[in-house]
Amino acid sequence: ARRWAPVLEYSILFLICLLSFGIRLFAVIRFESVIHEFDPYFNYRTTQFLSKEGFYEFWNWFDDESWYPLGRVVGQTLYPGLMTTSAILFNTLRYCGFVIDIRDICVFLAPLFSGLAALAGYLMAREVSGRPEAGLFAAVFVGIVPSYLSRSVAGSYDNEGVAIFALVFAFYTFVRAVHSGTILSAAIASLAYFYMVSAWGGYVFIINVVSIYILALVVLGRLTLRHYVVYTVYYVLGTLLCLNIPFVHFAAIHSSEHMASHGMFVLVNAVVLREYLQKLVPRETLNRLLMAALFAVIVAFLTLFAFLSVTGRTRWSGRSMTLLDPSYAAKHVPIIASVSEHQPTTWSAYILDLHILVFLAPVGMWLCFKEKTDGSLFAGLYGVLAVYFSAVMIRLMLVVAPAMAVLGGIGLSYALSALCSYLRSPSMADRWVVDRRRESDAGAGGTGGGGKGKGGPETKRLNRALVLVMIGVLLFYAIQYIVHATWTSSVAYSHPSIVLASRMRDGTRVIQDDFREGYYWLRKNTAPKSRVMSWWDYGYQLTAMSNRTVLVDNNTWNNSHIATVGLAFASTEDDAYPILLKLDVDYVLVIFGGVARYNSDDINKFLWMIRIASGVFPRIQEKDYYNQRGQYSIGKNGAPALLNSLMYKCSYYRAGEMTRGFDYTRNEEIGIKDIKFKHLEEAYTTTNWIVRIYKVKKPSNRGPGLKKTGIQ
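Values in this document were obtained by computation on a predicted structure and should not be read as measured data. Position labels on residues start from 1 in each chain and follow its written sequence. In keeping with the model being predicted, local features are shown solely for residues with a pLDDT of at least 70 and side-chain atom pairs are shown and tallied solely at 80 or more, while totals for entire chains, interfaces and linings include all residues. Excluding hydrogens and water, the side-chain values take into account all heavy atoms of the structure.

Q: Can you help me understand the overall build of the chain in this one?
A: Broken down by element type, the chain carries 32 helices and 11 strands. Burial classes: relative accessible area under 20% of the type maximum marks a residue as buried, over 50% as exposed, and values in between as partly exposed (1.4 Å probe, protein chains only). Expressed as a percentage of its 712 residues, the buried residues of the chain come to 49%. Residue contacts are defined here by distance: any two heavy atoms, one from each residue, within 4.5 Å place the two residues in contact. Across the chain, the fraction of contacts at a sequence separation of at least 24, relative to all contacts at a separation of at least 6, is 71%. Each accessible area value is a Shrake-Rupley result obtained with a 1.4 Å probe; residue values ignore everything except the protein chains displayed when judging cover. Carbon together with sulfur atoms contributes 61% to the accessible area of the chain, which is approximately 33,900 Å² in total. Strands are runs of DSSP state E lasting at least two residues, helices are runs of H or I lasting at least four, and both sets are numbered from the N terminus onward.

Q: Help me understand a nonpolar patch on the surface, please; the structure alone is not making it clear to me.
A: Within the patch definition used here, like charges are joined within 9 Å and nonpolar side chains (Val, Leu, Ile, Met, Phe, Trp, Tyr) within 5 Å, considering only residues with over 30% relative accessible area and no salt bridge. Throughout this description, the term salt bridge denotes a Lys or Arg side-chain nitrogen within 4 Å of a carboxyl oxygen of Asp or Glu. Together, Leu294, Ile298, Phe301 and Leu302 make up an exposed nonpolar region whose accessible area comes to about 350 Å². Here Leu302 is to be found in helix H15 (residues 283-310).

Q: Would you explain the pattern of salt bridges in this entry?
A: Should the charged atoms of two oppositely charged side chains come close, the side chains can pair. Under the defined criterion, the tally for this structure stands at 24 salt bridges. A salt bridge links Arg226 to Asp374; its shortest N-O distance comes to 3.0 Å. With Arg226 in helix H12 (residues 225-242) and Asp374 in helix H21 (residues 374-392), this residue pair connects regions lying 148 residues apart in the sequence. Assessed through its relative accessible area of 29%, Arg226 is described here as partly exposed. Judged by its relative accessible area of 11%, Asp374 falls in the buried class. What you see here is one network of salt bridges that share partners, running through Arg151, Asp158, Glu160 and Arg395.

Q: For this particular structure, what's the right way to read the nonpolar core?
A: Generally speaking, soluble globular proteins have nonpolar side chains that are buried together. Among buried residues, those of type Ala, Val, Leu, Ile, Met, Phe, Trp, Tyr and Cys that are joined through side-chain atoms within 4.5 Å constitute a nonpolar core. Core analysis: the largest hydrophobic core is formed by 202 residues, its most contacted members being Phe205, Phe515, Phe569 and Val588. Dropping the residues within four chain positions of it, Phe515 is found in contact with Ser497, Ile498, Leu500, Tyr538, Gln541, Ile591, Tyr598, Ile690 and Val691.

Q: Looking at this structure, how should I read helix H10 (residues 183-199)?
A: Residues separated by three or four positions in an α-helix point in the same direction, a consequence of the helix having 3.6 residues per turn. For H10, spanning 17 residues, the distance from its first C-alpha to its last is 25 Å, which sits close to the expected 24 Å at 1.5 Å a residue. Of all the positions in H10, only Ser185, Ala186, Ala189, Ser190, Ala192, Tyr193, Met196, Val197, Ser198 and Ala199 are classed as buried. One less than the residue count of a helix, multiplied by 1.5 Å, gives the span that helix is expected to have.

Q: What is the right way to look at the pairing of strand E10 (residues 680-685) in this model?
A: In regular strands, side chains alternate between the two faces of the sheet. Pairing between strands is defined by DSSP: at least two bridges between the two strands are required. Where E10 and strand E11 (residues 691-696) come together, five bridges link them in antiparallel fashion. Looking at the pairing, Tyr684 lines up with Ile693 of E11. Connecting E10 to the antiparallel partner E11 that follows it, the hairpin turn spans five residues, and Trp689 within it adopts a positive phi of roughly 65°.

Q: Before we go on, may I ask you to explain the packing of helix H3 (residues 39-53) against helix H26 (residues 539-546) in this structure?
A: Each packed pair of helices is defined by two parameters, the angle between the axes and the distance between the axes. Between the N-to-C directions of two axes lies an angle of 0 to 180 degrees, each axis being a line fitted to C-alpha atoms and, for a helix, fitted only over the stretch in contact. Close contact between H3 and H26 brings their axes to 7 Å; oriented N to C, the two are set at 40°. For the element pair H3 / H26, the angle class is oblique. Here the hand of the crossing between H3 and H26 comes out left-handed. Along its contact with H3, which presents Asp39, Tyr41, Phe42 and Arg45, the element H26 presents Tyr540, Gln541, Thr543, Ala544 and Met545. Its residues assigned to classes, the contact of H3 with H26 comprises five nonpolar, two polar and two charged. Roughly parallel means an angle under 35 degrees; roughly antiparallel, over 145; roughly perpendicular, 65 to 115; everything else is oblique. The hand of a helix crossing depends on one turn: near helix anticlockwise from the far one by less than a right angle means left-handed, and clockwise means right-handed. In this count, Pro and Cys sit with the nonpolar residues alongside Ala, Val, Leu, Ile, Met, Phe, Trp and Tyr, while Asp, Glu, Lys and Arg are called charged and the others, Gly among them, polar.

Q: Which parts of the structure should I look at to understand empty space enclosed by the protein?
A: Gaps between atoms show up when a probe of the same size as a water molecule is rolled over them. Whether a set of points on the 1 Å grid over the protein atoms alone is a cavity depends on a 1.4 Å probe fitting there but being unable to get out, while an open set qualifies as a pocket with protein on both sides within 12 Å along at least five of seven lines; lining residues are those with an atom within 4 Å of a point. Grid points are joined across faces, edges and corners, and a volume is the space filled by probe spheres set on the points. If you walk through the whole model with that rule in mind, you get one cavity of 30 Å³ or more. Roughly 50 Å³ of volume is contained in the largest cavity. Taken together, Tyr193, Ile207, Tyr234, Tyr235, Gly238, Thr239, Cys242, Ala252, His258 and Ser261 make up the lining of the largest cavity. A per-element tally of the lining of the largest cavity places H12 first, with five residues. Looking at the lining of the largest cavity residue by residue, the classes come out as six nonpolar, four polar and no charged.

Q: How should I be thinking about the packing of aromatic side chains in this particular structure?
A: The geometry of an aromatic ring pair is captured by the separation of the ring centres together with the interplanar angle, meaning the angle of the planes. Aromatic contacts are taken between Phe, Tyr and Trp rings whose centres are within 6.5 Å, Trp giving its six-membered ring; a plane angle under 30 degrees counts as stacked, one over 60 as edge-to-face, and the others as tilted. A complete count under the given rule lists 38 aromatic pairs for this structure. On the numbers, 5.2 Å between centres and 85° between planes, the contact of Tyr213 with Phe378 is edge-to-face. Pair noted here: Tyr213 is in helix H11 (residues 203-219) and Phe378 is in helix H21, with a separation of 165 residues, a long-range link. Take Tyr213: its relative accessible area is 1%, and that puts it in the buried class. For Phe378, a relative accessible area of 1% corresponds to the buried category. By the criterion adopted, a ring carries a charge over it if an Arg CZ or a Lys NZ lies within 6 Å of its centre and within 35 degrees of its normal. A cation sits over an aromatic face here: Arg131 above Tyr414, 4.2 Å from the ring centre. Across the ring face of Phe31, the terminal group of Arg509 is positioned such that the distance to the ring centre comes to 4.8 Å.

Q: Any chance you could explain the packing of H11 against H21 here in plain terms?
A: The N-to-C vectors of H11 and H21 enclose an angle of 125°; their axes lie 10 Å apart at closest approach. As the angle between them shows, H11 and H21 are arranged oblique. Considering the relative orientation of H11 and H21, their crossing is right-handed. Residues Phe205, Val209, Val210, Ile212, Tyr213, Ala216 and Leu217 of H11 touch H21, and the partners they reach there are Asp374, Leu377, Phe378, Leu381, Tyr382, Leu385, Ala386 and Phe389.

Q: Sorry, what's going on with helix H7 (residues 132-144) here?
A: Between its first and last C-alpha atoms H7 spans 19 Å; for 13 residues at 1.5 Å apiece the expected length is 18 Å, and the two agree. Every buried residue of H7 is accounted for by Ala134, Gly135, Leu136, Ala138, Ala139, Val140, Phe141, Val142, Gly143 and Ile144.

Q: Can you walk me through the pairing of strand E7 (residues 587-591) in this structure?
A: Burial runs high along E7: five of the five residues are buried. Alternating positions in E7 separate into two faces, Tyr587, Leu589 and Ile591 on one and Val588 and Val590 on the other, with burial throughout. When strand E5 (residues 531-533) meets E7, the two strands line up parallel, connected through two bridges. For Val532, the partnering residue across the bridge sits in E7 and is Tyr587. As defined by bridge partners, E7 adjoins E11 across five bridges and the pair is classed as antiparallel. Residue pairing for E11: Leu589 is matched across the bridge by Ile693.

This is how it looks when you write it as structure tokens:
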């Protein structure tokens, strides 16, 4: 049986990888091979460019179809790991004779890497606990955890699809390097960290967790030369490799997110130097020197940090500040607060995305801190930090999911092993010990095993029955975890936002394909250089699917430009028209759900447009768009600023003809039904009235010209 154990172990691991891949294919089976959501369309477009033009053109690509009239240097403003991985896989398959479209590579890359993530979870849990069964449980949990499923189903071509594998594998290689203490293992760990840096901005979580782990070793007095060698090599090589990613570059040196790693590098060198000097210098002299040196280093570090902060050469990003202060974004950066995935996490999200791991992970965390080995201490700290950050921002459930999966696998394996030990038949030595104890109890006048006393056979049978019930409960909930993960993948996370699906009362399935219909119309019926103004949510999709120039997109790097678009939508048609002309807008696109009962339309997002615009243009105030009762209403009692805005007119123009003057999404009668345009005209409305496109009338080039207008 022992000889076949490795074969059985690796066979189970292979089946887990297949399960991780297959559970993510519901979207392709139910819909088609299509890219999901918004950001993936930019990744798909850049991957197409990279696979066609090559790396040199990719690094120097200036995209004039986005952020008009500013444009964007694409190769210098993204994490290239996802695109590079897809391009290498695409070219490798082509070289081997497999003819495949780059879109299919993009669609199935995340499910493929989910199997690798399960493998990385297995390696991580086994390295931490030394138990193969813990690794197998962790592999199952990592591979199908719903939080990870939400960003890795087929078609979800986003950075997180490969970054979660890179995250877990980077942690595994670091723990392995700490256990071995060799320079080679530390170099391999730095390469794994480099891949994570190239793939996702969440790489700063890795370097900060490692820094806090080193600090914990120093505080606990457990730092050895082995840790010193590993961290020094890891820090130096990792930082040098970061400099080779154009989007990161010298931020790896001067950004606030990296300051902890710099401080730990100085600290570990100071600790090792102190231990060395203890052998050469008297204790009193050494203490005075160390106190003076420590004071000088702290003052120099704080002075440098203050100088960089005052001069603006280092600063915390808005997202990082939100992690430290959850109320920061709502107060200072509304464009970050407007994104749903940046909201605080609710308990229901934890239950939905983690299921049984909510209860198993604390057991694993307790065991890790109880064992106090290098690997278990690292896993415990990783879990604690991941739980905190996930509570601040729901997007970081992606970070806590693999931590909970690894800890849950360790906890479940220990629990089952402890319970199964009660089911084993006692050995001859155990029986001899029990007999001796019974004889000693009998000699002392006790009840020596008459069957119903302590340790009697009936008690043993009762214990076994209880143990079997407990094992059955654990296995039942483990199976329920798989069922729940399958349900979330099938129902909750496999619906592409670009294709809407619903069911009638009789169960008939209804497909609303308005987004692709509207983008197709733009591509076929407008001039190639036409400029389309929409809210930034749809910028990536518009550029990729319509091949038209947009003013803003999901990169959100220029807040004032986004605020200008928000100003145009929040203004009246007469006030918005000079803005449209100044930005050379040819078409205006809005998303309206009042007819098709689509909740995520621009009317429901309009308040965020106002908040972002008011941060740059104070004349736009949110209070002006509430009625006298303080309500946000599109009815007759709505605020005049709202009812006269360009967004309102573009959304509700002729909508009353389809709904008898009623908005089905907001369950309210439309305030102004007879809407007339002066400077715009309707160009196209999709089948279900979700995508509405308007053409901007150009001023006549004869007669009196337009007065010069500007944005004040």
